[in-house]
Each structure stands twice: as structure tokens, then as C-alpha cells.
Amino acid sequence: MISETSFFSSQEKQRLRRSLNTWYSKHARELPWRENNDPYRVWLSEVMLQQTQVETVRAYFERFTNRFPTVDQLAEADEEEVLKLWEGLGYYRRARSLHAAAKQVVGFHASKMPESVDELMKLPGIGRYTAGAIVSIAHDKRAPILEANTIRLLTRLTAYKGDPTKSAGQKFLWAIAEEILPQKKIAPFNQALMELGSLVCTPTEPNCKECPLQSVCKGYQTGTIDSLKPTTTKLKFTDAKEVAVVVVDSRGRYLLRRCQPNERWSGLWDFPRFSCETESPVVIEQECVSKVKSLTGVEAEVTGHFKQIKHAVTRFRITLDCYLAKRIGGRLCGDRNSTRWVTEEELAELPLSVTGRKIAKSLAKLPV
Ligand code: SF4
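Since we're looking at a predicted model, the values are computed, not measured.

Examining the site of the ligand
Moving on, step 1. Around the ligand sit Leu153, Arg156, Cys201, Pro206, Cys208, Cys211, Gln214, Cys217, Tyr220 and Ile225, and those are all the residues in its vicinity.
Moving on, step 2. Split into classes, the residues belonging to the shell around the ligand amount to 8 nonpolar, 1 polar and 1 charged.

Written out as C-alpha cells, the structure reads:
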């Protein structure tokens, strides 16, 4: 931990806190999760905001809290419904962990969110940042936070020359986040740091002229902001991948399978899909037939190719080729929780991946 005077002087810290406080009182956005300091709502918003823009999260947050206003209601919910409400936000592990943690809060903490960082970090999906946000924002307790916006802000404020994404950089920035914390009114302080990072100290063009922290910002004073290392690692797409999806029709109903725990979209429903190792259309059609059989037990015959979707997942650029097929025999393997025939209306109710939903929507446009 950095000692009280090791980076900023006492006067600088006081100025920083005062300026930030004044700025936040004028510029804080009205956001649904700021209506009160319910720890459950703080937790939910912080999980949703990871890797997702504020404007996208708004509607999801409203829908989620309308359906599950308390941690008890979330804990009692069916995972399928939780995933359906999460559909489109991506990173579905967040939703599964949230659900699992809600069950633990109800089962082991009498439905009350723990109030310490250490206890919170024992729950699934809660790391040091989320725990710090819950403790500081919901309970106004002294806990530092460090997320994308504050990593960038603190890197510039301190003109940190190392790599802020590496462990030494993270250690330094956590210590700074702790050093600048005031003794009281922690909730608005931490929220103000994130808000300033999001609205003023933005990734490409920080608005230093309007920034309340200009007078304590080492990056600004030394003119080194542009030379500091980036605070996020740019995702490099290094591999291309061909994937096939088979939409099997049986008298107006479509074949779906539920993704298994070891699969990317665990818990979500999907059309049979598999990676293609060949570009030969004949071989791909044969593979469609054999994969549908092995994944679902259904025997199918491919009737055509109807759509191509290009998208990216982690480092992969994926080309998704969608085939239509009709059922010619076989029986579903597994129970209704693993494979199903569904109508278009039922498809709309089930949680699907983004590409699964695109395919589902395009079915209505296909010639009958
Ligand atoms: Fe960011 Fe500029 Fe403010 Fe420094 S002065 S914190 S670089 S916006």
C-alpha cells in the first residue's frame, strides 16, 4: 500500500476530492441503478456494465429488476428465464454466476448481501472490483475500485509509464485508488471517478480543458498523456473459423438443442451447429446430416443453404453458413431439457445466442 504522502501531497488529494465532488454534483447522469443504494441493484448494475455500454445496460437493467426485484426472486428463478433476460448482452457466464451467487446469498446469508469485500469475493463471479463497488456504493464503506474507466483515469492522473494492464501496473493503480479515497462519502467519490473517466477522461480524446482534475493531473501537466501505454489490450483477430448451422424443419417446427456446460453458450438453446474443417459443399452437407444425428438423434436431409453470417468471437472471425434441412426419421435423444421441436412462437421465448436469434428471425422470411 502507498503511504499517505507517497504519491499525491495532502493538498493535492484534498483538491482532487473537492473538485471531483463539485463536478459530480453537477454532471452525474440519472441512471436507473442510482435511484437507491440497494446492494442487489448495485451488484446487478456492476455485473451488467462489465464490457457493456451504459446505454445498452439501461433497458436490460430495467427489465431484469422488474422481473426480479429482489435477490430472493432471482435465486428462485429458472436459469432459462435468467438467460432469456440476458439475451443479447453476451458473456453469459456473468448471468450464470449472478444466478448462482443469488442462490448462495439466499441460502447462506439470509438473503442479505455480505458487507465486506472478502465475503463478497467468495461468491461466484464477484471479483475485487465488483466487491469494492458494492461495499463502497451500497454501504458507503471505504473500499477502492478499479475498472476500465478508473484504470485509464488513474494512469493519466499519475502519468504512470509502465503497462497498466500488467500485474505491477494493477498493483500500483489499486494502491492509488486506495490512497485517494476520502474518509467519508465514499459512494459518490467512487461513482464520480467512474463518471469522470466515462464522460471526460475518455479513451481517445480526453477533454482536459473541461476536466476538474487538471490541476492535479500529472499526465496533463507533463504533456505525456499521448505517450502513456494503452489501458486496454486491443483484441487481435488472428484466426478465421468456418461454422455450419443446420435448421431442421419438421412440419413447421424447428429442431433445437440446449448447449451443454462445457460449451460456449452453456444453458442457451441453439440450432445444431459445428465447426467445418472443409470447404467442399458436398462434404459439409454430409457433415450436417451426421452432426444433426449425433447431437440430437434426428435423421435429416439438407435442402439448401439460406444464409451466411459473419461475426467475431474472441480472436476468431467466424463465417457462419446456415443450412435448411428436413426431418426424414430418427427420434430425439435426451429429454425436453436437452433437445426439442419448437414453433416460431416458442423460439421467441427461449434464450438464444446473438447469431441464434438472427437465424430464428430470418426463418419468418423464408418461402413456405
Ligand atoms: Fe484525464 Fe485530461 Fe483530466 Fe488528466 S486532465 S484526468 S488526462 S481529462
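Here the narrative resumes, following the displayed structure.
Some details on helix H1 (residues 10-27)
Moving on, step 1. Helix length check: H1 (18 residues) gives 26 Å between terminal C-alpha atoms against 26 Å at 1.5 Å per residue, within 8%.
Moving on, step 2. Along H1, the residues that are buried comprise Glu12, Lys13, Leu16, Leu20, Trp23 and Tyr24. Seen from one end, H1 has its buried residues packed into an arc of 110 degrees, which puts them on one side. Exposed and facing more than 90 degrees away from the buried side of H1 are Gln11, Arg18, Ser25 and Lys26.
Moving on, step 3. Elements in contact with the buried residues of H1: helix H9 (148-158), helix H10 (167-179), helix H11 (186-199) and helix H12 (218-222).

Looking at the packing of aromatic side chains
Moving on, step 1. A complete count under the given rule lists 7 aromatic pairs for this structure.
Moving on, step 2. Each ring, one from phenylalanine 7 and one from phenylalanine 8, has its centre 4.9 Å from the other, and the planes form 70 degrees; the classification is edge-to-face.
Moving on, step 3. Among the residues examined, phenylalanine 7 registers a relative accessible area of 26% and is labelled partly exposed.
Moving on, step 4. A relative accessible area of 1% places phenylalanine 8 in the buried class.
Moving on, step 5. With a centroid separation of 5.4 Å and 70 degrees between ring planes, the pair formed by tryptophan 33 and phenylalanine 61 is classed as edge-to-face. Within this pair, whereas tryptophan 33 is found in the loop between H1 and helix H2 (39-49), its partner phenylalanine 61 is found in helix H3 (residues 54-67), the two being separated by 28 residues in sequence.
Moving on, step 6. Sitting above the plane of the tyrosine 60 ring, arginine 63 keeps its charged end 4.9 Å from the centroid.

Some words on the packing of H9 against H10
Moving on, step 1. In contact at an axis separation of 10 Å, H9 and H10 are set at 85 degrees when each is read in the N-to-C sense. On the basis of their axis angle, the class for H9 and H10 is roughly perpendicular. Judged by residue contacts, Ile151, Leu154, Thr155 and Thr158 of H9 engage Gln170, Phe172, Leu173, Ile176 and Ala177 from H10.
Moving on, step 2. Broken down by class, the residue content of the contact of H9 with H10 amounts to 6 nonpolar, 3 polar and no charged.

Reading the values: rules and limits
- Sequence order as written defines residue numbering, which begins from 1 separately in each chain.
- Since the coordinates come from a predicted model, pLDDT governs what is reported: local features require at least 70, and pairs of side-chain atoms require 80 or more to be given and counted, while whole-chain, interface and lining totals use all residues.
- The side-chain values count all of the structure's non-hydrogen atoms but skip hydrogen atoms and water molecules.
- It suffices for a single heavy atom of a residue to lie within 4 Å of a molecule or strand for the residue to be listed as near it.
- Here the nonpolar group is Ala, Val, Leu, Ile, Met, Phe, Trp, Tyr, Cys and Pro; Asp, Glu, Lys and Arg are the charged ones; every other residue, Gly included, is treated as polar.
- The helix count covers DSSP runs of H or I at least four residues long, the strand count covers runs of E at least two residues long, and both are numbered beginning at the N terminus.
- Multiplying one less than the number of residues by 1.5 Å gives the expected span of a helix.
- Note on classification: 1.4 Å probe, protein chains only; a residue is buried when its accessible area is under 20% of the maximum for its type, exposed when over 50%, partly exposed between these limits.
- The reported arc concerns the directions from the helix axis to the C-beta atoms and nothing else.
- By the convention used here, residues are in contact when the closest approach between their heavy atoms is within 4.5 Å.
- Side-chain rings of Phe, Tyr and Trp (the six-membered ring for Trp) are treated as a pair once their centres are within 6.5 Å; stacked means planes under 30 degrees apart, edge-to-face means over 60, and tilted covers the remaining angles.
- Our definition puts a charge over a ring when NZ of Lys or CZ of Arg is within 6 Å of the ring centre and also within 35 degrees of the ring normal.
- In this description, a line fitted to the C-alpha atoms serves as the axis of each element, helices being fitted only across the stretch in contact, and the angle between N-to-C directions of two axes falls anywhere from 0 to 180 degrees.
- Relative orientations are named as follows: roughly parallel for angles under 35 degrees, roughly antiparallel for angles over 145 degrees, roughly perpendicular for angles from 65 to 115 degrees, and oblique for any other angle.

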